[in-house]
Amino acid sequence: MNYNWNWSVLFEPEYFGWLLSGLGWTISVALCAWVIALVVGSLVGVGRTLPNKFISTICTAYVELFRNIPLLVQMFIWYFAVPEMLPEDAGRWMKREMPQPEFVTAVVALGLYTASRVAEQVRAGIETVPKGLSAAATAQGMTVAQVYRHVFLPISFRLIVPPMTSEFLTVFKNSSLALTIGLLELTAQSQQIAEYTFQSFEAYTAATVIYVLIALTATIIMTILERYTRIPGYVGKEG
Amino acid sequence: MTFTRTRHLLAAAALAMGFAPAVLHAQDFTGTLGKIAENGEIVIGHRESSVPFSYLNAQQQPEGYSIDLCMKIVEEVEKTIGKDVEVRYVPVNPKTRIALMANGTIDLECGSTTNNLTRQQQVEYLPVTFVTGTKILTRKDSGISSVADLDGKSIALAQGTTNERAVKAAVEELGLDVKILPVRDHAEGMLSLETDRVDAYSTDHILLFGLIAKSKTPDDFAVVGDFLSFDPYALMVRRDDSAFELVGKIALANVFRSGEIDAIYAKWFDPLGVPADPLLKSAFQLGALPE
Amino acid sequence: MGDFDFGVILNNLPFLWQGLQLSLLLTFLAVLGGIALGTLLALARLSGIKPLALVAAAYVNLIRSVPLILVIFWFYFLVPLALGRPIGGFYSALIAFVMFEAAYYSEIMRAGIQSVKKGQVHAGQATGLGYWQIQRYIVLPQAFRNMIPILVTQGIILFQDTSLVFVVSLRDLMTASSIVARTEGRLVEMYLFAALVYFVICFAGSLFVRRLQTRMAT
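Residues numbered from 1 in each chain as written. Chains lettered and ligands numbered in written order. Predicted model: local features only at pLDDT ≥ 70, side-chain atom pairs only at ≥ 80, totals over all residues.

1. Side note on the nonpolar core
Counting residues in hydrophobic clusters, the biggest one holds 204 residues, and the most contacted among them are Val73 and Met75 of chain A together with Ile72, Ala93 and Tyr191 of chain C. Tallying contributions element by element places helix α5 (residues 88-114) of chain C first for this core, with 12 residues. Summarising the domain contributions, this core has at least three residues from each of domain 1 (3-132 + 232-287) and domain 2 (134-224) of chain B. Once residues lying within four places of it in the same chain are set aside, the contact partners of Tyr191 of chain C are Val73, Phe76, Ile77, Phe80 and Ala81 of chain A together with Ser177 and Ala181 of chain C. (Core = buried A, V, L, I, M, F, W, Y, C linked by C-beta atoms within 7 Å. Buried ≥ 20, exposed ≤ 12 C-beta atoms within 10 Å, placed from the backbone. Helix = DSSP H or I, 4+ residues; strand = E, 2+ residues; numbered from the N terminus. Domains from an automatic or database assignment. Contact = placed C-beta atoms within 7 Å.)

2. Considering the domain arrangement of chain B
Residues and elements named next belong to chain B. In terms of domains, chain B is made up of domain 1 (3-132 + 232-287) and domain 2 (134-224). A straight line from the C-alpha centre of domain 1 to that of domain 2 covers 31 Å. With 16 residues of domain 1 at the interface, the matching set in domain 2 holds 18 residues. Secondary-structure elements contributing two or more residues to the side of domain 1 that touches domain 2 are β2 (49-50) and β7 (123-132). Looking at the side of domain 1 that touches domain 2, its residues break down into seven nonpolar, seven polar and two charged. (Nonpolar A, V, L, I, M, F, W, Y, C, P; charged D, E, K, R; others polar.)

3. Quick word on the UniProt feature "domain: Solute-binding protein family 3/N-terminal" (unreviewed entry) in chain B
Mapped onto this numbering, the UniProt entry annotates "domain: Solute-binding protein family 3/N-terminal" (unreviewed entry) at residues 41-272 of chain B. Secondary structure across residues 41-272 of chain B comprises 35% helix and 28% strand; the distance between its end C-alpha atoms is 33 Å. (UniProt positions renumbered as here; feature names shortened; annotations may be inferred.)

4. Quick look at the UniProt feature "domain: ABC transmembrane type-1" (unreviewed entry) in chain A
Look at the UniProt record and you will see "domain: ABC transmembrane type-1" (unreviewed entry) annotated at residues 23-222 of chain A. Across residues 23-222 of chain A, helical content stands at 84% and strand content at 0%; the span's end C-alpha atoms are separated by 20 Å.

5. Examining helix α3 (residues 50-65) of chain C
Its 16 residues place the ends of α3 of chain C 22 Å apart at the C-alpha level, agreeing with the 22 Å of an ideal helix rising 1.5 Å per residue. When α3 of chain C is considered as a whole, its buried residues turn out to be Ala56, Val60 and Ser65 of chain C. Buried residues of α3 of chain C, viewed axially, fall in a sector of 160°; they line one side. Facing away from the buried side of α3 of chain C by more than 90 degrees, the exposed set consists of Lys50, Pro51, Leu54 and Ala58 of chain C. Residues of α3 of chain C that are buried make contact with α10 (200-229) of chain A together with α2 (13-45) and α5 of chain C. (Expected span 1.5 Å × (residues − 1). Arc of directions from axis to C-beta.)

6. As for the interface of chain C and chain A
Chain C puts 30 residues into the contact, and the matching count from chain A is 29 residues. For the side of chain C that touches chain A, the elements supplying multiple residues, two or more each, are α3, α4 (68-83) and α9 (187-217) of chain C. Counting residues per element, the side of chain C that touches chain A draws most heavily on α9 of chain C, which supplies 11 residues. Residues belonging to the side of chain C that touches chain A are distributed by class as follows: 25 nonpolar, five polar and no charged.

7. Looking at the interface of chain C and chain B
Taken together, the contact between chain C and chain B spans 15 residues of the former and 17 residues of the latter. Residue classes in the side of chain C that touches chain B are distributed as seven nonpolar, five polar and three charged.

8. Let's talk about the packing of helix α3 (residues 71-85) of chain A against helix α4 (residues 88-97) of chain A
All names here are of chain A. For the pair α3 and α4, the least separation of the axes is 7 Å and the interaxial angle reads 145°. Residues Val82, Pro83 and Glu84 of α3 lie in contact with α4, whose contacting residues are Gly91, Met94 and Lys95. For the contact of α3 with α4, the per-class residue count stands at three nonpolar, one polar and two charged. (Axes fitted to C-alpha atoms, helices over the stretch in contact; angles between N-to-C directions.)

9. Regarding the sheet that holds strand β3 (residues 54-56) of chain B
Residue and element names in this part refer to chain B. Strand order across the open sheet formed by three strands is β2-β3-β4, with antiparallel pairing between neighbours. At either margin of the open sheet sits one strand with a lone partner, and together these are β2 and β4 (62-63). Strand direction decides the pairing type here: β2 and β3, joined by two bridges, are antiparallel. In the strand pairing of β3, Ser50 is matched with Ser54. (Pairing = 2+ DSSP bridges.)

10. Observations regarding the UniProt feature "transmembrane region" (unreviewed entry) in chain A
All names here are of chain A. Per the UniProt record, the feature "transmembrane region" (unreviewed entry) sits at residues 15-44, 65-82 and 203-225. When the span residues 65-82 is considered, its composition is 83% helix and 0% strand, and the gap between its end C-alpha atoms is 16 Å. Across residues 203-225, helical content stands at 100% and strand content at 0%; the span's end C-alpha atoms are separated by 33 Å.

Structural data, given as structure tokens:
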């Protein structure tokens, strides 16, 4: 089949603007969700390793629940179902008064989902800290909180930087799911350009190139971070 | 003269005696007809929520005005290629329908698609089967009675529709501050309105009546405003395939000429209380080309 | 939206079941295709033939940088255009999943192949086996066995990923639930039901993986 190539369409102010705005949303959703994922994920990950049965059970339940339901389903539940389950006023607030409802919903859904994956990395990091270290710390008279503060966390957070790189990249990719609830992020914008101009090849290529650039940038940042956080002489687990 | 005439007669006799089907093989047809003859199936693109043109019924099967018209075309196709064909349905939406037609996934699109010149760069259309235009659906108590009233309000628009562009253009022209929620299809648009996420939804006025009719609380909603666009609907076929297009035109001309169209129209639009527009009746007459 | 209505789920059970069957079929075929293509990619990267290894690495890194939705859009609209003939929505989606997941499976298989001790390959060479014979009889069987838990885990992820065919209206469990949710106006029921079905299947799958791991560890 013949295809009329027209790369210049991507540089028409209107469509170029769409790509830029899409990129803006993609980065905003991904970074905001990443903050939620780091905070919640660290708490849940640490919680799973605590000696307190009650806390560790709840944290395990969190991970299993959020990890075993597709992100798309979670996004729809937050967007479509939650406002209907809340009292009428709160539901209406979520739908109408809340600023940028699609954006906020996407960030919350993506953040809490990614948190379950971050939690697993944090737990794995803590569990690789040799038992002897914590035993020695306890023998010194440290409390559980002190052992975490001075032994587990400093070591494990530096150990898990490499696996976290791939989670960080995944957040950017998964932010594309926001298009299903009407947020015009990068993938949605490229599809919209394809549909307005019928230049699908060019539109999807543009989005693909931008995603690759995002991935490269993120990888470089994380590599630098990795160099600074590496524990000398500590091989750790290879990603 | 007489000699040639005899030969023609002989040929006609041979055809009449049933030799013709033996001669016509799948490879005698090209393009879409050839594909249908070869595979023994025709692929129809349908919509999921374009009431009453093309939507899923309670059994989740596609039905509607456009689907009925398409069945007439399928019959004509069967007559042309001389064998029965299976109908396979593929769901399409405003974002996918043109691409799926252009890339050959579907052979015939039976939905509620506006025939416009931009789209004709990609696809071809059969004669007009309905005439409508963009209007606004809102709650009766919303205080909205025209586009101008949308200022400071929110409206859902289905991505990839002509209505999306019509409303955006009107909003821009009037310099209004309107929050636009892009939705995937009419069902999602109606859902946004019903769940109070937006103040209005906009698409072709006839579809708005269809959405009201299927709603649980039809009395709460009203179609308001002037037409914001002119949307003549037509069934979509592939571009540059005049043989298949002709079969479609023949089938529709027969339906228009015989008056069958009135029964089909009544079946789907009487329940909505929407009588045929004079403009639409003229379109039917113009489509009823002589044999 | 009123009280929780189980009736809407029961009434539409056959339709939802069809959706689930499509999800499972798509998962099954994409896992097979993804492992097959992924293994070839992994072999290419480890082949020692520079251009081949580079191409495979570039492919894997490219695919791993872009979202699955974009890959689905690419293949759904452009494969038929490139082939010049239609292949249907299901097959377009299947190709997209195979091409996408192969990149992830290739990383798993690469690790699996590298986990096989070099000495065994040398022993194979010493007995006069060719490259493909060594892969076929020595390396790949062990690589697969070592990687089974991870391969199954990736399969569970793939099953969750199939929900994304929603963006192209392919009638899987997610799309079917969505259709019912919208036509019946029962959002809460249908999305929670979909979540429950996915959860039960994926959680059962992950328990299975855990059992495999403990069995393999002993």
